[in-house]
Amino acid sequence: MRDVAAAANVSLTTVSVVLGEVPNSGIPEATQERVRRTAERLGYIPNVSARSLRTMRSGALGFLANGIAASPFAGEMIRGAQAAAWERGYVLLIVDTGEIERAEETEPAVRILLERRVEKVIVASLFHREVEVPSALRAHRPILVDCYSKDHAYDAIVPDEEGGGYVATRRLLERQLLPVGIIRFPDSMPAGRGRFAGYQRALGEVHLPVDPSLVEITTSGQAPEGYELAARLLDRHPDLHSLFCANDRTAMGAYEAIRVRGLSVPGDIAVVGFDNQEIIATALIPGLTTVALPHYEMGVRAVQRVFESVAQAQDAPPRTETTPCWLVARDSA
């Protein structure tokens, strides 16, 4: 700061006031601009730690992730949250706990964030599920992303699973390719309950009952099980013309089950997946029509919710928001 003051021919106090962005300082705008240009030319970097001691604001948000940093698509949550934070002049401090699941095992990660005086913590999950909030975070009222607590005691941003299941099934119904089979996740998973509810709603709109013989449940969500379950459906229903798969991996297995029977996608059977994992959906031949999860949008919305919550009363009830999923049309349906 002394170097800037000398080069700009102003006092050290003037530099402090201008670079500290003190409002209503009375310093002429021309002088302020000269100080700012000089600071930029000299490569001056403000001492954020010192500023945070004065303002009691760190300008940082914590982002506690569970394995999403290495995910090819859920990592978009970080990108969305970071973009929204930067728009407000904030930095995102990210700690990814990897495969750690239990809340007590994440306590060291929580301490790292709180010791750096982050103003709020966002807790993000690799997939939509119930989580236990670490005890050290509970008083800080974190924002949950792609997850929720059992008691719904915290603001949460989650995908609209039912809406995603609905648009996927509607796509198949619009092609008038009946019957429509489904490989779904179990009811123990929010994705299982929600996407199946969307499937049911879409069938109900065209007055079709849910046929249990057209339903298979995947517990792994992986391609080998997708192959086995699609094969069962095809054995039971040689007339099957449409298939909604739990995710893109099960759809990949279903493609193979269809192929080995001498059938084609979409000529004989239209297929829709879920997740829009581009490394799978665009590599399959033909390209897989699927439903995109709003990871980037949930990250953005989580940061927006942080700043909205600051303006709310401390006793404001928490709420869970759903973020729309959307269809990504390719050639399989």
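What counts, and at which threshold
- Residues numbered from 1 in each chain as written.
- Predicted model: local features only at pLDDT ≥ 70, side-chain atom pairs only at ≥ 80, totals over all residues.
- Heavy atoms only, no water.
- Salt bridge = Lys/Arg side-chain N within 4 Å of Asp/Glu carboxyl O.
- Helix = DSSP H or I, 4+ residues; strand = E, 2+ residues; numbered from the N terminus.
- Buried < 20%, exposed > 50% of the residue type's maximum accessible area, 1.4 Å probe, protein only.
- Patch = residues over 30% accessible without salt bridge, like charges linked within 9 Å, V, L, I, M, F, W, Y side chains within 5 Å.
- Areas by Shrake-Rupley, 256 points an atom, 1.4 Å probe, with all protein chains shown as cover.
- Pairing = 2+ DSSP bridges.
- Axes fitted to C-alpha atoms, helices over the stretch in contact; angles between N-to-C directions.
- Contact = heavy atoms within 4.5 Å.
- Phe/Tyr/Trp six-rings, centres within 6.5 Å; stacked < 30°, edge-to-face > 60°.
- Core = buried A, V, L, I, M, F, W, Y, C linked by side-chain atoms within 4.5 Å.

### Digging into the pattern of salt bridges
Once their charged atoms are close, side chains differing in charge can pair, the charge on each being opposite to the other. Overall, the coordinates contain 22 salt bridges when judged by the stated rule. Between Glu-161 and Arg-195 there is a salt bridge; the shortest N-O distance is 2.8 Å. Taken together, the residues span a long stretch of sequence, with Glu-161 in helix H7 (residues 161-174) and Arg-195 in helix H8 (residues 190-205) at a distance of 34 residues. Taking the relative accessible area as the measure of exposure, Arg-195 reaches 7% and is therefore buried. Linking Arg-236 and Glu-216 is a salt bridge whose minimum nitrogen-to-oxygen distance equals 2.7 Å. Linking Arg-236 in helix H9 (residues 223-236) with Glu-216 in strand S7 (residues 215-217), this pair joins segments that are 20 residues apart in sequence. When its relative accessible area of 40% is taken as the criterion, Arg-236 is described as partly exposed. Each of Asp-155, Arg-301, Arg-305, Glu-308, Arg-319 and Glu-321 takes part in one network of salt bridges that share partners.

### A short note on a nonpolar patch on the surface
On the surface, Leu-178, Val-206 and Leu-208 cluster together to form a nonpolar patch covering roughly 210 Å² of accessible area. Note on placement: Leu-178 falls in the loop between H7 and strand S6 (180-184).

### Some details on the sheet that holds strand S2 (residues 91-96)
Strand order in this open sheet of six strands is S2-S1-S3-S4-S5-S11, and the pairing throughout is parallel. One side of each edge strand has no neighbouring strand; the edge strands of this open sheet are S2 and strand S11 (320-323). Direction aside, the axes of adjacent strands within the sheet are offset by 40 degrees on average. As defined by bridge partners, strand S5 (residues 156-159) adjoins S11 across four bridges and the pair is classed as parallel. Within S11, the position partnered with Ala-156 by the bridge is Thr-320. Sheet strands touched by helix H6 (residues 107-115): strand S1 (60-66), S2 and strand S3 (121-131). Its angle to S1, the strand with the most contacts, is close to 170 degrees.

### A short note on the packing of aromatic side chains
To describe a pair of aromatic rings, you give the distance between the ring centres and the angle between the ring planes. In total, this model carries three aromatic pairs according to the counting rule given. Summarising the aromatic geometry, the rings of Phe-196 and Tyr-199 are spaced 5.6 Å apart at their centres and angled 20 degrees between planes, so their arrangement reads as stacked. Of the two residues, Phe-196 and Tyr-199 both sit in helix H8, three residues apart, roughly one turn of that helix. You can call Tyr-199 buried: its relative accessible area is 1%. Judged by centre distance (6.4 Å) and plane angle (35 degrees), the ring pair of Phe-244 and Phe-274 falls under tilted. Of this pair, Phe-244 sits in strand S8 (residues 242-245) while Phe-274 sits in the loop between strand S9 (270-272) and helix H11 (278-281), placing them 30 residues apart in sequence.

### As for the environment of Val-91
With respect to the helices, strands and loops of the structure, Val-91 is situated in strand S2. The exposure class assigned to Val-91 is partly exposed, which follows from its relative accessible area of 38%. The spacing of Val-91 and Ala-69 is 22 residues in sequence and 17 Å in space, taken between C-alpha atoms. If we ignore the near neighbours within four places in the chain, the residues touching Val-91 are Gly-59, Ala-60, Leu-61 and Trp-86.

### Examining the environment of Pro-134
Secondary-structure assignment places Pro-134 in the loop between S3 and strand S4 (143-149). Classification of Pro-134 by relative accessible area gives buried; the value is 3%. Along the chain, Pro-134 and Thr-106 lie 28 residues apart, while their C-alpha atoms are 6.8 Å from each other.

### Some remarks on the sheet that holds S8
With respect to topology, four strands assemble into an open sheet ordered S7-S6-S8-S9, the strand pairing being parallel. The sheet terminates laterally at S7 and S9, the two strands that pair on one side only. The mean inter-strand angle of the sheet, taken between neighbouring strand axes irrespective of direction, is 15 degrees. Bridge count between S6 and S7: three bridges; the pairing is parallel. Among the inter-strand pairings, Ile-183 is bridged to a residue of S7, identified as Glu-216. Across the sheet, H7 lies against S6, S8 and S9, angled at about 165 degrees from S8, the strand it touches most.

### Things to note about unusual backbone geometry
Of the consecutive residues Leu-178 and Pro-179, the connecting peptide bond is found in the cis state with omega at 0 degrees. Mapped onto the elements, Pro-179 comes out in the loop between H7 and S6. For the bond from Ile-285 to Pro-286, the omega torsion is 0 degrees, close enough to zero to count as cis. Along the chain, Pro-286 turns up in the loop between H11 and strand S10 (290-292).

### As for the nonpolar core
In terms of nonpolar packing, the biggest core is built from 42 residues, with Tyr-199, Leu-243 and Val-271 touching the most fellow members. Only H7, S6, H8, H9, S8, helix H10 (248-260), S9 and H11 provide two or more residues apiece to this core. Ignoring anything within four residues of it in the chain, the contact list for Leu-243 reads Leu-172, Gly-181, Ile-182, Ile-183, Ala-230, Leu-233, Ala-254, Ile-269, Ala-270, Val-271 and Val-272. Listed in part, the 22 residues of the second largest apolar core include Phe-63, Ala-84, Tyr-90 and Val-145.

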